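In case you want the letters, here they are:
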Amino acid sequence: MVLVADVGNTNTVVALYEGEELHASWRFKTQRGRTADEHGAILRRFLAPRGSRLRGAAIASVVPPATASLVEACRAYLRLDPLVIGPGIRTGVRILYEDPRELGADRLANAVAAYQCTRGAAIVVDFGTATKFEFVSARGDYVGGAIAPGLGIASEALFSRAARRCPVEREVPGQVVGRTTGEALRAGLLLGHAALVDGMVRRICREQGSPARVIATGGLAARLAPVSETIEEVRPFLTLEGIRILWERNRR
């Protein structure tokens, strides 16, 4: 089996793959100050009940301190030298970013997995701490993308400035025009975010002169996809799939 890890600003997700099949996944909070011993304990607790024999490991991270700690944990506790997704690895796609070193590892993994799934032009919408858009051309070139504040950031910013605060359930409202303050807030935040996604997808397609399959991933993907007019498919583990594919392409 192969262990893959997606280290985001808010959460870290680790998973086990046997070939292309996802066997198990586990999510925990990302902490920049977590030590290698603490990461090692987490990994061993995840792996112990599964009796997994690992062939390799790969890490995509946007949090450098956590990257270093997790790499050290893999070496010390799993006896594995993990692949760290970043500049210089084999990707199988041509990267058209002006400076590929600026491209986040999770964004690259999403693009690689999307093209592997579609074999055509694709747009990935990743609902995380930020809402990220990636465009891959029909030829398999990673062209670039866009980054917007995520729904959590938007709601925190709104409530930090508002004199009156109302709790906002994460249930998507059935109509845009709310008849209570809570309904109005939910409509603005949730339906407004779906509208942001639809507007960005349409602009990307117009700008690139190409239709594209739109794939959503991330925490809110399944909730917002039904009220989006452009999202065609939800793949909750797209980033992990991309990390696994990159590991396969860089096997020693």
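Everything below is about the structure shown above.
Owing to the predicted nature of the structure, the values given are computational and were not obtained by experimental measurement.

> Sorry, what's going on with the pairing of strand 7 (residues 122–127) here?
Each regular strand shows side chains that alternate between the opposite faces of the sheet. Most of strand 7 sits out of view: six of its six residues are buried. Every second residue of strand 7 is oriented toward a common face, with A122, V124 and D126 on one face and I123, V125 and F127 on the other, all of them buried. Relative to strand 8 (residues 130–136), strand 7 is paired through six bridges, and the arrangement is antiparallel. When the bridges of strand 8 are listed, V124 appears paired with E134.

> Can you help me understand unusual backbone geometry in this one?
Leaving glycine out, the prevailing phi sign among residues is negative, and the prevailing peptide bond configuration is trans. Backbone geometry at R79 places phi at a positive 55°, although glycine is not the residue there. Relative to the helices and strands, R79 resides in the loop between helix 2 (64–77) and strand 5 (83–84). Take R79: its relative accessible area is 66%, and that puts it in the exposed class.

> How should the packing of helix 3 (residues 105–118) against helix 7 (residues 238–249) be read in this particular structure?
Packed helix pairs are characterised by how far apart their axes lie and by the angle those axes make with each other. Closest axis-to-axis distance for the helix 3/helix 7 pair is 7 Å, and the angle between their directions is 85°. Relative to helix 7, the element helix 3 is oriented roughly perpendicular. Together, D106, L108, A109, N110, V112, A113, A114, Q116 and C117 of helix 3 and L238, T239, E241, G242, I243, I245, L246 and R249 of helix 7 make up the contact between the two elements. Considered class by class, the residues forming the contact of helix 3 with helix 7 number 10 nonpolar, four polar and three charged.

> What is the right way to look at the sheet that holds strand 4 (residues 56–61) in this model?
Note: strands within a sheet are paired through backbone hydrogen bonds, in either parallel or antiparallel orientation. Pairing in this open sheet of five strands is mixed, and the strands run 3-2-1-4-5 from one edge to the other. A strand with exactly one partner marks an edge of an open sheet, and here the two such strands are strand 3 (21–29) and strand 5. Here strand 4 pairs with strand 5 via two bridges, running parallel. In the strand pairing of strand 5, A58 is matched with L83.

Conventions we followed
- Residues numbered from 1 in each chain as written.
- Predicted model: local features only at pLDDT ≥ 70, side-chain atom pairs only at ≥ 80, totals over all residues.
- Heavy atoms only, no water.
- Buried < 20%, exposed > 50% of the residue type's maximum accessible area, 1.4 Å probe, protein only.
- Helix = DSSP H or I, 4+ residues; strand = E, 2+ residues; numbered from the N terminus.
- Pairing = 2+ DSSP bridges.
- Axes fitted to C-alpha atoms, helices over the stretch in contact; angles between N-to-C directions.
- Parallel < 35°, antiparallel > 145°, perpendicular 65-115°, else oblique.
- Contact = heavy atoms within 4.5 Å.
- Nonpolar A, V, L, I, M, F, W, Y, C, P; charged D, E, K, R; others polar.

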